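# Analysis of the macromolecular model
Chain residues, written in single-letter form:
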Amino acid sequence: MKNRKTPISPAEIEEILLHFSDSITELETEEEILWDMVKNCISILDFEDAVVYLLDRTGEYLEQKAAIGPKNPEGKKILNPLRIKIGEGITGQVASTGIPRLIADTRLEPNYIKDDVCRLSEIAVPILLMGKVIGVIDSENSQPDFFTNQHLKILLAVASIYAGRIAHIRALETIKESELERWKIKQKATKLQMEVLSAQLSPHFVFNSLNAIQHYIILEDKIKSLRFLSVFGKLLRYFMGQIDKESVLVKEELQMLDWYLQLQKLRYENKLIYKISSGNIKNHPQARIPAIIVQSLIENLLEENISKSNGNSEIELGFHISPTEVKFNVMINNLSSLNHQDETSNYFKSLTPWQEYVSLLNEIRPFEIRSEVVERTAQDKSSTLKSVKLIFPNLAHK
């Protein structure tokens, strides 16, 4: 067809398009499709060259992705691939308007952009996907007025055929990416659930609690023994009941904190002083927050500071609730002596940092939990004050 000006019969056109259609049935990647497209433009339509451009990720430029002719000396390599801004040159205009162009003489075309060498005629048609231009098929010829309206119609049909295959492949890739993302989220959720179970029923916590109960039994202090057993049992039942829950009532978390600190108080007696404020919780009885985080934060802070101060700590905590947010404030004063050497327990080192729970929850759920941490040391270095604020979404109506 290189010098052919006689009309192509409908039967020939049908045969040409059938050949294009048949060639793509086994292609599995977008790259294979683009190279097949330019190869067939050369072999079937007898063009001197053929180039396929695709929009880049920004949607502002066309990039050469496949080429057969002088720009392709071997394999799937393109010499000096062009990058053309949308609206510039013949291909840029086609990408901008979605309207094909037939240039009889490029010498008369002010927007013509020379690639490797100047050629005298050019044809460019858009590749459309769901009504939007995703690329351009372009061919140039050394002869003026080489391309015909039949070439244009055939290339438009070819662009449509290949666009359909590209759409199919992109849809499959989207499905695979979605499935992979769902698998990752499921894995993270499973990991988080296992870590929650481990954290809430930590051997260290259970061992220390049982040791404290045993201590009071040996001392024949029945009141403290029974009190410890009662609180310990309530705390374990609460933890077991919350394992598979995504959110918890703030008022229940407040009760959990009281039980937890009661047990720590029984262990450290007067060395540990705590104060819990219910804030305005009575005005928001249905307020809910993501599970796990509060207990993890308190355990992290207590184990960190108690190990440093041998229990000599003061802690204040409370909630402030609005219809959209729940703020949890913790302030812990580590009353370490001037001569006390900071020591971090092995158990504290083994704990998963509360920040990791926040990051993981934010990743697998759209919670957007925020945190603010401030820490300062007294001038005489006799104490350190640490303030932590967690800001949760109020999940009462979600």
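Rules used in this analysis
Residues numbered from 1 in each chain as written. Predicted model: local features only at pLDDT ≥ 70, side-chain atom pairs only at ≥ 80, totals over all residues. Heavy atoms only, no water. Axes fitted to C-alpha atoms, helices over the stretch in contact; angles between N-to-C directions. Helix = DSSP H or I, 4+ residues; strand = E, 2+ residues; numbered from the N terminus. Parallel < 35°, antiparallel > 145°, perpendicular 65-115°, else oblique. Left-handed = near helix turned anticlockwise from the far one by under 90°. Contact = heavy atoms within 4.5 Å. Nonpolar A, V, L, I, M, F, W, Y, C, P; charged D, E, K, R; others polar. Buried < 20%, exposed > 50% of the residue type's maximum accessible area, 1.4 Å probe, protein only. Pairing = 2+ DSSP bridges. Patch = residues over 30% accessible without salt bridge, like charges linked within 9 Å, V, L, I, M, F, W, Y side chains within 5 Å. Areas by Shrake-Rupley, 256 points an atom, 1.4 Å probe, with all protein chains shown as cover. Salt bridge = Lys/Arg side-chain N within 4 Å of Asp/Glu carboxyl O. Lys, Arg positive; Asp, Glu negative; His and termini not counted. Charge placed at Lys NZ, Arg CZ, Asp CG, Glu CD.

### What about the packing of helix α6 (residues 222-242) against helix α7 (residues 250-268)?
The N-to-C vectors of α6 and α7 enclose an angle of 140 degrees; their axes lie 10 Å apart at closest approach. Looking at the two axes, α6 sits oblique to α7. Viewed along their axes, α6 and α7 form a crossing whose handedness is left-handed. Here Arg227, Phe228, Val231, Phe232, Lys234, Leu235, Tyr238, Phe239 and Gln242 of α6 come into contact with α7, specifically with Glu252, Glu253, Met256, Trp259, Tyr260, Gln262, Leu263, Leu266 and Arg267. For the contact of α6 with α7, a count of residues per class yields eleven nonpolar, two polar and five charged.

### So, the pairing of strand β1 (residues 50-55)
Remember that side chains alternate between the two faces of the sheet whenever the strand is regular. Counting buried positions along β1 gives five out of six residues, so the element sits mostly inside the fold. Relative to strand β2 (residues 61-68), β1 runs antiparallel, the two being bridged by six bridges. In the sheet register, Leu54 faces β2, and the bridge partner there is Glu63. Pairing of β1 with strand β6 (residues 132-141), which is carried by four bridges, proceeds in the antiparallel orientation. The residue of β6 that forms the bridge with Val51 is Asp138.

### Notes on unusual backbone geometry
Here Asn80, not a glycine, exhibits a phi torsion of approximately 45 degrees, which is positive. You will see that Glu368, though not glycine, has its phi angle at about 55 degrees, which is positive. Counting through the fold element by element, Glu368 comes out in the loop between α10 (354-364) and β12 (370-377). You can call Glu368 exposed: its relative accessible area is 63%.

### Quick look at a negative patch on the surface
Negative charge collects at one region of the surface, where Glu26, Glu28, Glu31 and Glu32 lie side by side. Looking at the secondary structure, you find Glu31 in helix α2 (residues 30-43). Here Glu31 falls in the partly exposed class, since its relative accessible area comes to 47%.

### Structural notes on the pattern of salt bridges
Once the charged atoms of two side chains with opposite charge are near each other, the side chains can pair. Under the counting rule described, the total for this entry stands at eight salt bridges. A salt bridge links Glu63 to Lys65; its shortest N-O distance comes to 3.4 Å. Where Arg101 meets Glu109, a salt bridge forms, and the shortest distance between an N and an O atom there is 3.1 Å. For Arg101, a relative accessible area of 22% corresponds to the partly exposed category. Judged by its relative accessible area of 15%, Glu109 is buried.

### Section: the sheet that holds β2
With antiparallel pairing, six strands are arranged side by side in an open sheet as β3-β2-β1-β6-β5-β4. The open sheet is flanked by β3 (83-85) and β4 (101-103), the only strands paired with a single partner. Going across the sheet, the axis of each strand differs from the next one's by a mean of 25 degrees, ignoring polarity. Running over the sheet, α2 touches β1, β2, β5 (121-129) and β6 and is turned about 60 degrees from β2.

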